[in-house]
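Inside the fold
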Amino acid sequence: MLMVSISSKAGPANVSYIISTPTSTSADSIDSAIPTVICLHPVYLGKYIFQRMPKTKGRARIYLIVFLAQFRDPKLRRFNLIGVDTRLHGDTEGKVKGVFGSEDAAHDMVAFMDALQLPPCHFFGLSMGARIALQMGITYPEKVLSLFLVSPIPIEEPAEVSEGRQEIYEYWCQGWRDPGRPDIAVMNDAIKGAIQLGFNSLTDPLTKAILKVTTPKAFKNYGPERLEELHLVTVKFFTEKVDYSTEKLNRIQCPVKLIHCSADIAYPIHHTEELFQRLINSGVNAELEVVEDAPHFGTITNGSE
């Protein structure tokens with residue numbers, strides 16, 4: 001695991017990341033002779049969904065190794081691949097103060113790039129990661145070579161999805177009513193809600209493997225002293241008003257590929273189509289593709305597609 005210290009408009013942080021190159025699945029630096037792709041994770045999960053995982057036993061081990069096809073794909077391994085943990089996720093250390101929206105996350109990302117002296121990069125983003133990547137294209141177009149956005153967050157969060165995110169948060173908070181004796185049963189209700197959102201309540205070795213890795217990090221990052229920060233990152237981040245006006249989207253200078261996962265229970269395709277049309281109307285070189293039978297976190301379950 002690699003760490004780098006940054007200081008952005010969102011405050012100081014120690015950012016955890018991993019680099020994969022054609023010659024190493026865990027390198028210390030990029031190969032400057034080839035392009036670099038920065039991979040941004042969805043809410044609740046972390047950069048580990050992009051990499052080979054520690055060995056475990058049985059069927060869980062199989063799923064951990066193939067968690068996401070991206071970092072093992074020979075076609076992608078021709079490039080530098082960087083997985084990054086955003087604030088309150090994975091192993092990144094840094095407080096969330098007052099507000100944390102897509103612009104704040106983009107400020108963090110450009111500070112991360114500057115700290116590693118990275119050249120302009122290609123961006124892959126899943127769900128929350130897609131919103132951050134899109135904001136990078138708007139705010140820092142000189143840093144972005146292309147955008148590949150899977151399950152992008154809608155321009156306006158549907159009320160029922162916002163209510164679901166709030167319910168997940170409230171169950172987690174209830175589990176911490178007695179910090180000395182966390183109520184695991186109530187917390188499991190929060191976890192079930194997150195699985196429903198991302199995986200359509202799929203309960204197989206894949207989601208069990210995800211939980212095995214995610215749960216300990218959730219207890220560390222979402223402890224009783226950080227519940228207000230948790231609300232900012234997992235609820236308010238998605239309900240913020242984003243400016244996807246023609247003026248803003250016209251700042252994007254790179255090609256954009258949107259991927260809609262057809263089994264996404266949170267966001268029907270018309271949300272992605274609306275964003276796609278706005279991009280086209282703003283003169284952006286954009287494409288839209290549908291991956292059939294994939295849930296919201298479709299690159300984890302349907303990585304090969």
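The present account deals with the structure reproduced in this document. In this text the structure is predicted, and so the values were computed from the model without any measurement.

Moving on, we come to the packing of aromatic side chains. Going through the model one piece at a time under the given rule, you end up with eight aromatic pairs. Measuring from centroid to centroid gives 6.3 Å for Trp-172 and Tyr-222, while their planes differ by 85°, and the two rings are edge-to-face. In this pair, Trp-172 sits in helix α4 (residues 159-175) while Tyr-222 sits in the loop between α6 (205-221) and α7 (227-239), placing the two residues 50 residues apart along the sequence. In this structure, Trp-172 and Tyr-222 share a single accessibility class: buried. Ring geometry for Phe-237 and Phe-238: centres 5.3 Å apart, planes at 70°, overall edge-to-face. Exposure remark for Phe-237: the relative accessible area of 0% places this residue in the buried category. Residue Phe-238 is classed as buried on the basis of its relative accessible area, which comes to 0%. The rings of Trp-172, Trp-176, Phe-219 and Tyr-222 are connected pair by pair, giving a single aromatic cluster. For Arg-165, the ring lying beneath its charged end belongs to Phe-238, and the centroid distance is 3.7 Å.

The rules behind each value
Residues numbered from 1 in each chain as written. Predicted model: local features only at pLDDT ≥ 70, side-chain atom pairs only at ≥ 80, totals over all residues. Heavy atoms only, no water. Phe/Tyr/Trp six-rings, centres within 6.5 Å; stacked < 30°, edge-to-face > 60°. Helix = DSSP H or I, 4+ residues; strand = E, 2+ residues; numbered from the N terminus. Buried < 20%, exposed > 50% of the residue type's maximum accessible area, 1.4 Å probe, protein only. Lys NZ or Arg CZ within 6 Å of the ring centre and 35° of its normal.

These values are about where atoms sit, not about what they do.
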